[in-house]
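Secondary and tertiary structure notes
Residue-level listing of the chains:
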Amino acid sequence: MISTAKRREIKREAKKNLKRNYILNIAVMFVVLVLINGGYQFYSGRLSNIRKIKEEHSVMGILEDDSSSISTVSWEVSALDQLDLIVNGIKGTYSYINGQDRALNYSDILGEFLGNIFQVKSIKDPSKIPTKTEKYSAGFASVFVNSILGSQSFVFGFMNGFNQLVFNGRIGSSIIIFIFVVISFLSFVYIKNVISVGKNRYFLEQRRYSGTRAKEILFTYKNKRLINVSHVMFIRYLRQILWDLTIVGGIIKCYEYRMIPYILAENPKIKTKDAFALSKEMMKKEKWNVFVLDVTFFPWFVLSFFTLNIAGLFFTNSYFECVNAELYMTLRKKVKKALPENLRLLLNDDALDIQHIVQEEHPSGEESFDIKVPHVENLKRDYRRKYSFLSIVELFFTYSLVGWVWEFVFYLAMTGQFVNRGTMHGPWLPIYGCGGLLIMVCLRPLREKPGKLFVGAMSLCGSLEYFASWILEKMFNTKWWDYKGYFMNLNGRICLEGVLLFGFAGFAFTYVISPWLDDQYIKMDTKKRKILCAILLLLFVADLIWSIMVPNTGNGVTGEFV
């Protein structure tokens, strides 16, 4: 039994493990949260939610007035783990519907879905109620993942898309929603669940092996483990969802299934039924004791909440994982001898059960996923090349067109509306083309130094975006983009999220995309290339002159959607 004394022992041992590899433990948990929860927004999102709550209190109570503004904040807590509050925090789920920034939670989606099916009319159409909530408050990832789908919400995302398509006639937004539902589903099954098991593997190893490396979080991606691990974890998720419908049963099963990710971390090839059977045996007569252990973390959760999860980042998250790893090993030791032989043999990594610290890497390190970092010199295409004038022109228009398509899809996903983004009227955004060319030309000396090229692309494109915003605002007294509300934005002209994307894009442009595109361009007849470039340049110049006289403005371009 996990008695009070045993709980204290588990936590005492967990603190020792946390301190011994403190920096690496913190780094691993940060990386895991980036992969599972959308990066820094996990840490910054709560501040945005607090701001929304303040706005909401200023307008609540005036719902009856048609001219009033109202915003409802939806707080979402995962049902899979009662203590996921510590790991996931409390997140607001928002969805952009018909151009309005509207708070949307699962009950909204389900209610709208059932209401449409049974032709139940609501008192007021929420999509027609204006809002004071700040737009783009959490950046790109929240729009495409958190806002539309939320955490593990692909089922409700499908309902949302069905509502938009069948009952509301918003075909464009429905298609985009369905696409991201599929992406969210695949991400959940093959990345989030699998990384969670890998995280458990790391913490199981680091408790006894000082040589444990961070790459253990990826160990399930080798030796055909991925399919089995993702399958077992998904079955766990489905069963939990069904049990959650009974409420009490959901809480009980949450604890009965608690050890499954750790069992998979020890034996990733275990069958589904055996994983469930083992977890059930481990948690038999221990559910209440483990619940009490979880409750002892409540003060740490409160501290994390009021410090905008700084305490969680630097202590609570890693400490909680160390405690869970120690708990698993304690339960494993308690039940192993009493298990039937067929189940006992499935707990096959006895090296994890040593009682002393070993100053070496765990033997499983041989099987762990070795990340082969490709060196740029091994790339097949010549990234060192000097691009011809024709290639530069073609690359400029290619990147400008890709940028236009990107923003077109982005705003279609957000609002369901077709918007011609940018200052110009044609299907191109020259800031993307200019950024790509600056990377190709100005950063050529850095091509042999990928790290410096990444930083250079961030700096160069960030500066371009900032000054382009400033010049456009001074010339036309309006804004074509505004990052206010984004994490670490500078005067709303640039933000950390954007410049990081510039860095990755510059990396891809330099070593992969531009060399490949150039190889395709040079296969064309030179005369045809010259004619094509001349036509594109003439159209661009004509559009530029027209746009200076009559810039492209309007809803979704320089103003709010209505």
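All figures in this text were calculated on a predicted structure; none of them were measured in a lab.

1. Remarks on the packing of aromatic side chains
Within this structure, the stated rule accounts for 25 aromatic pairs. Pairing Phe188 with Tyr237 gives two aromatic rings, centres 4.8 Å apart and planes at 65 degrees, and the pair type is edge-to-face. With Phe188 in helix α8 (residues 171–206) and Tyr237 in helix α9 (residues 225–244), the pair connects residues that are 49 residues apart, well separated along the chain. Summarising the burial analysis for this pair, Phe188 and Tyr237 share the class buried. Geometrically, the ring pair formed by Phe297 and Tyr319 is tilted, given 5.3 Å between the ring centres and 45 degrees between the ring planes. Of this pair, Phe297 sits in the loop between α13 (287–295) and α14 (298–306) while Tyr319 sits in helix α15 (residues 310–336), and the two are 22 residues apart along the sequence. A relative accessible area of 0% means that Phe297 is categorised as buried. Given a relative accessible area of 1%, Tyr319 falls into the buried group. Joined through ring pairs, the aromatic side chains of Phe297, Trp300, Phe315, Tyr319 and Phe320 make up one cluster. Positioned over the ring face of Phe297 is Lys11, at 5.3 Å from the centre of the ring. Directly above the aromatic system of Phe219 lies the positively charged group of Arg201, at a separation of 5.4 Å from the ring centroid.

2. Considerations on the confidence of the model for the protein
In low-pLDDT segments, the atomic positions of the prediction should not be examined closely. Looking at the protein as a whole, its pLDDT mean stands at 75, while 68% of the residues score no less than 70. Across residues 39–107, where pLDDT falls below 50, the model places 188 contacts with residues more than four positions away in sequence or in other chains. Considering only residues more than four positions removed or in separate chains, one finds that residues 117–152, a stretch of pLDDT under 50, has 99 contacts.

3. With respect to unusual backbone geometry
Positive phi outside glycine occurs at Ile247, with the angle close to 65 degrees. When you line up the elements, Ile247 lands in the loop between α9 and α10 (248–256). Note on Ile247: relative accessible area 61%, which makes it exposed.

4. Side note on the environment of Tyr387
Within the fold, Tyr387 resides in the loop between α16 (341–344) and α17 (389–415). Along the backbone, Tyr387 and Asp518 are 131 residues apart, and their C-alpha atoms lie at a distance of 7.9 Å. For Tyr387, the residues in contact, after removing those within four places along its chain, are Ile392, Leu395, Met440, Arg447, Ser514, Pro515 and Asp518.

5. Focus: the packing of helix α12 (residues 272–283) against α15
For the pair α12 and α15, interaxial distance at closest approach is 9 Å and the crossing angle is 90 degrees. The angle between α12 and α15 falls in the class roughly perpendicular. Where α12 abuts α15, its residues Glu281, Met282 and Met283 lie against Tyr328, Leu331, Arg332, Lys334 and Val335. Taken together, the residues that form the contact of α12 with α15 break down as five nonpolar, no polar and three charged.

6. Let's talk about helix α19 (residues 450–476)
Each α-helix winds once per 3.6 residues, and so residues spaced three or four apart point in a common direction. Spanning 27 residues, α19 covers 38 Å between terminal C-alpha atoms, matching the ideal 39 Å at 1.5 Å per step. Turning to α19, its buried residues are Leu453, Phe454, Gly456, Ala457, Met458, Cys461, Gly462, Glu465, Tyr466, Ser469 and Leu472. Its buried side turned inward, α19 meets α18 (430–442), β5 (489–490), β6 (494–495) and α20 (496–521).

7. Quick notes on helix α1 (residues 4–20)
Helix length check: α1 (17 residues) gives 25 Å between terminal C-alpha atoms against 24 Å at 1.5 Å per residue, within 8%. Regarding α1, the residues found buried are Arg7, Ile10, Lys11, Ala14, Asn17 and Leu18. Within α1, the buried residues cover an arc of 120 degrees as seen down the axis, which keeps them to one side. For α1, the exposed residues set more than 90 degrees away from the buried face come down to Ala5, Arg8 and Lys19.

8. Quick notes on the packing of α9 against α12
Running from N to C, α9 and α12 point in directions that differ by 60 degrees, and their axes come no closer than 9 Å. When the axis of α9 is compared with that of α12, the two are oblique. Helix-helix and strand crossings are classified by hand; for α9 and α12 the assignment is right-handed. Residues His231, Val232, Ile235, Arg236 and Arg239 of α9 form the contact with α12, whose own contacting residues are Thr272, Ala275 and Phe276. Of the residues contributing to the contact of α9 with α12, the split by class is four nonpolar, two polar and two charged.

9. So, a nonpolar patch on the surface
A cluster of nonpolar side chains, namely Val182, Leu186, Tyr190, Ile191 and Ile227, defines an oily patch on the protein surface of about 440 Å² accessible area. For the nonpolar patch, the element with the most residues is α8, which contributes four residues.

What counts, and at which threshold
Residues numbered from 1 in each chain as written. Predicted model: local features only at pLDDT ≥ 70, side-chain atom pairs only at ≥ 80, totals over all residues. Heavy atoms only, no water. Phe/Tyr/Trp six-rings, centres within 6.5 Å; stacked < 30°, edge-to-face > 60°. Helix = DSSP H or I, 4+ residues; strand = E, 2+ residues; numbered from the N terminus. Buried < 20%, exposed > 50% of the residue type's maximum accessible area, 1.4 Å probe, protein only. Lys NZ or Arg CZ within 6 Å of the ring centre and 35° of its normal. pLDDT = per-residue confidence, 0-100. Contact = heavy atoms within 4.5 Å. Axes fitted to C-alpha atoms, helices over the stretch in contact; angles between N-to-C directions. Parallel < 35°, antiparallel > 145°, perpendicular 65-115°, else oblique. Nonpolar A, V, L, I, M, F, W, Y, C, P; charged D, E, K, R; others polar. Expected span 1.5 Å × (residues − 1). Arc of directions from axis to C-beta. Left-handed = near helix turned anticlockwise from the far one by under 90°. Patch = residues over 30% accessible without salt bridge, like charges linked within 9 Å, V, L, I, M, F, W, Y side chains within 5 Å. Areas by Shrake-Rupley, 256 points an atom, 1.4 Å probe, with all protein chains shown as cover. Salt bridge = Lys/Arg side-chain N within 4 Å of Asp/Glu carboxyl O.

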